[in-house]
Protein chains: 2
Amino acid sequence: MHVVVPFDGREPKTRLSPVLDIEERREFARAMLEDVASTIESVGFEPTILATSDVDCEWPVVVDERTLDAAVNDRLAEIDGPVAIVMADLALATPDALGRLFAAGGDVVLAPGRGGGTNAIVARHPDFRVDYHDASITDHREIAHDIGAEMAEVDSFRLASDVDDPADLAEVLLHGEGRAAAWLREHGFELASEAGRVSIER
Amino acid sequence: MHVVVPFDGREPKTRLSPVLDIEERREFARAMLEDVASTIESVGFEPTILATSDVDCEWPVVVDERTLDAAVNDRLAEIDGPVAIVMADLALATPDALGRLFAAGGDVVLAPGRGGGTNAIVARHPDFRVDYHDASITDHREIAHDIGAEMAEVDSFRLASDVDDPADLAEVLLHGEGRAAAWLREHGFELASEAGRVSIER
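A quick note: this is a predicted structure, and the numbers were derived from the prediction, not measured. One numbering rule holds for all chains: residues counted from 1, following each sequence as written. As they are written, the chains are lettered A onward and the ligands numbered 1 onward, keeping that order. Note on the predicted model: pLDDT of at least 70 is required for a residue's local features to be given, and 80 or more for side-chain atom pairs to be given and counted; whole-chain, interface and lining totals, by contrast, use all residues. Heavy atoms throughout the structure, all of them, feed into the side-chain values; hydrogens and water do not.

Student: Looking at this structure, how should I read the interface of chain B and chain A?
Tutor: In many reports, interface size means the accessible area that the parts give up when they come together. We call two residues in contact whenever any of their non-hydrogen atoms come within 4.5 Å of each other. The interface is formed by 26 residues belonging to chain B together with 26 residues belonging to chain A. Approximately 2,300 Å² of surface area, both sides summed, lies buried where chain B meets chain A, with 46% of it carried by carbon and sulfur atoms. Arg100 of chain A is the salt-bridge partner of Asp155 of chain B, the closest N and O atoms lying 3.3 Å from each other. Identification of polar contacts relies on pairs of N or O atoms within 3.5 Å, with a donor-acceptor requirement for protein atoms, meaning one able to donate a hydrogen and the other able to accept it, and with residues adjacent in sequence counted only if both atoms are side-chain atoms. The tally of links from chain B across to chain A stands at 16 residue pairs in polar contact (both at pLDDT 80 or more). Buried area: the accessible surface (1.4 Å probe) lost by two parts on joining, summed over both. One side-chain nitrogen of Lys or Arg within 4 Å of one carboxyl oxygen of Asp or Glu is enough to make a salt bridge.

Student: Sorry, what's going on with the relation of the copies chain B and chain A here?
Tutor: Each of the two chain copies can be generated from the other by rotation about an axis followed by a shift along it. Alignment of the copies relies on least squares applied to C-alpha atoms, considering only residues that score at least 70 for pLDDT in both. Take chain B, turn it by 180°, move it 0.0 Å along the axis, and it overlays chain A with an RMSD of 0.0 Å. Expressed as an axis order, the relation between the two copies is that of a two-fold axis. Interface overlap between copies: 100% of the residues of chain B at the interface are likewise at the interface in chain A, consistent with a symmetric, same-surface contact.

Student: Where do I start with the nonpolar core in this structure?
Tutor: For soluble globular proteins, nonpolar side chains are generally found buried alongside one another. By size, the foremost hydrophobic cluster in this structure holds 72 residues, and its most contacted members are Ile49, Ile85, Val86, Leu101, Phe102 and Leu159 of chain A together with Phe28 of chain B. If sequence neighbours within four positions are ignored, Ile49 of chain A has contacts with Val5, Phe7, Leu33, Ala37, Cys57, Trp59, Pro60, Val61 and Val62 of chain A. To define a nonpolar core, start from buried Ala, Val, Leu, Ile, Met, Phe, Trp, Tyr and Cys residues and group those joined through side-chain atoms within 4.5 Å. Accessibility here uses a 1.4 Å probe with only protein chains present; expressed as a share of the type maximum, an area under 20% marks a residue as buried, one over 50% as exposed, and anything in between as partly exposed. Among the nonpolar cores identified, the runner-up in size contains 70 residues, and Phe157 and Leu173 of chain A together with Met87 and Ala93 of chain B belong to it.

Student: In this structure, what is going on with the packing of helix α1 (residues 22-42) of chain B against helix α3 (residues 95-103) of chain B? I would like to understand it.
Tutor: All names here are of chain B. Interaxial angle, 0 to 180 degrees, is taken between N-to-C directions of lines fitted to C-alpha atoms, where a helix line uses only the stretch in contact. Secondary structure elements follow DSSP: runs of H or I of four or more residues count as helices, runs of E of two or more count as strands, with numbering from the N terminus. Direction vectors running N to C along α1 and α3 enclose 65°, while the axes themselves pass 9 Å from each other. In the crossing of α1 with α3, the sense of the turn from one axis to the other is right-handed. Along the contact surface, α1 presents Val36, Thr39, Ile40 and Ser42, while α3 presents Pro95, Leu98 and Phe102. Note on residue categories: nonpolar means Ala, Val, Leu, Ile, Met, Phe, Trp, Tyr, Cys or Pro, charged means Asp, Glu, Lys or Arg, and polar means any other residue, Gly included. Considered class by class, the residues forming the contact of α1 with α3 number five nonpolar, two polar and no charged. The sense of a crossing depends on the near helix, which, turned anticlockwise from the far helix by less than a right angle, makes the crossing left-handed and, turned clockwise, makes it right-handed.

Here it is as structure tokens:
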């Protein structure tokens, strides 16, 4: 199975601007990418990084400057056989969680993200295409249904937890075990508690 | 195994006040309780509702007006053998997700909630006690460690998704299959999309 990891190395993680400057966001996004790619490797697959600009890393890189949908759908059209698409900001992903994704049966396997997103996909049906706008999990369920694909979902908190907002950094500190969690600690982030909810402080 | 479901029937879900009045919050909380309790039954266990005031329902009710920690720890001390504690607001819980929780090995099994919470626990060690304040998942890991209990965690988006804030209602509309999702639809809630994120409108 081909495993594709879309990655924006230029202007990554803009919603983290309140707590990280552009250079920090690039470093942190890169740490998350390395966590995700090495976790994919640890369960026996080689990731290909599908990047908006060239990335200097140990994995094969395909550069595609178009939108996420256009770039991913091009890969889906070009590659014969099963393709997995795993987002580069799943800083909580573990070998167990990705192993469950890759092992799940079905023509189309979806890992929902919090807030209606789709954080990982296994596509074993040649007609499946992505549409990442808005509530993409609803769209992907419909697309799978419309092409007559057998659909399955993987129920994983770790795969549901993409890192977009400052509040998501608390999840990385609470549950992350890799480079991204280490990067946050090295850069002064720690858990805080305000009004009974967990947040971060620096 | 005894399965205890803590439930506040008096002032439930105060953080939903911006979108639901007190009577609606009681009805909605009750719908979630019924979803959780009937899902527990569907995988072969009888839930006991541990409530702050009497609840008229088809399941056994134990009334305990004290804090959540005091009430749950009393049950843990009194009951011989394994005890599961499952929060009443897991409106996304499915038989599969709860089945994985109950089947997981370990003296203490934790299902993390978003934001550092602990949404479900299986305690097979007589000395385990709960502490639900702040980042309770961290406390529960420490408590399990301190009593020498073998600890496991269940990785489930559905069990991680407790319903506290208006934003959580979007998850119920996106993924819920029970009374709580139906209640929201009957009361005029639907998914909306603002600035690329999914929210709710009424």
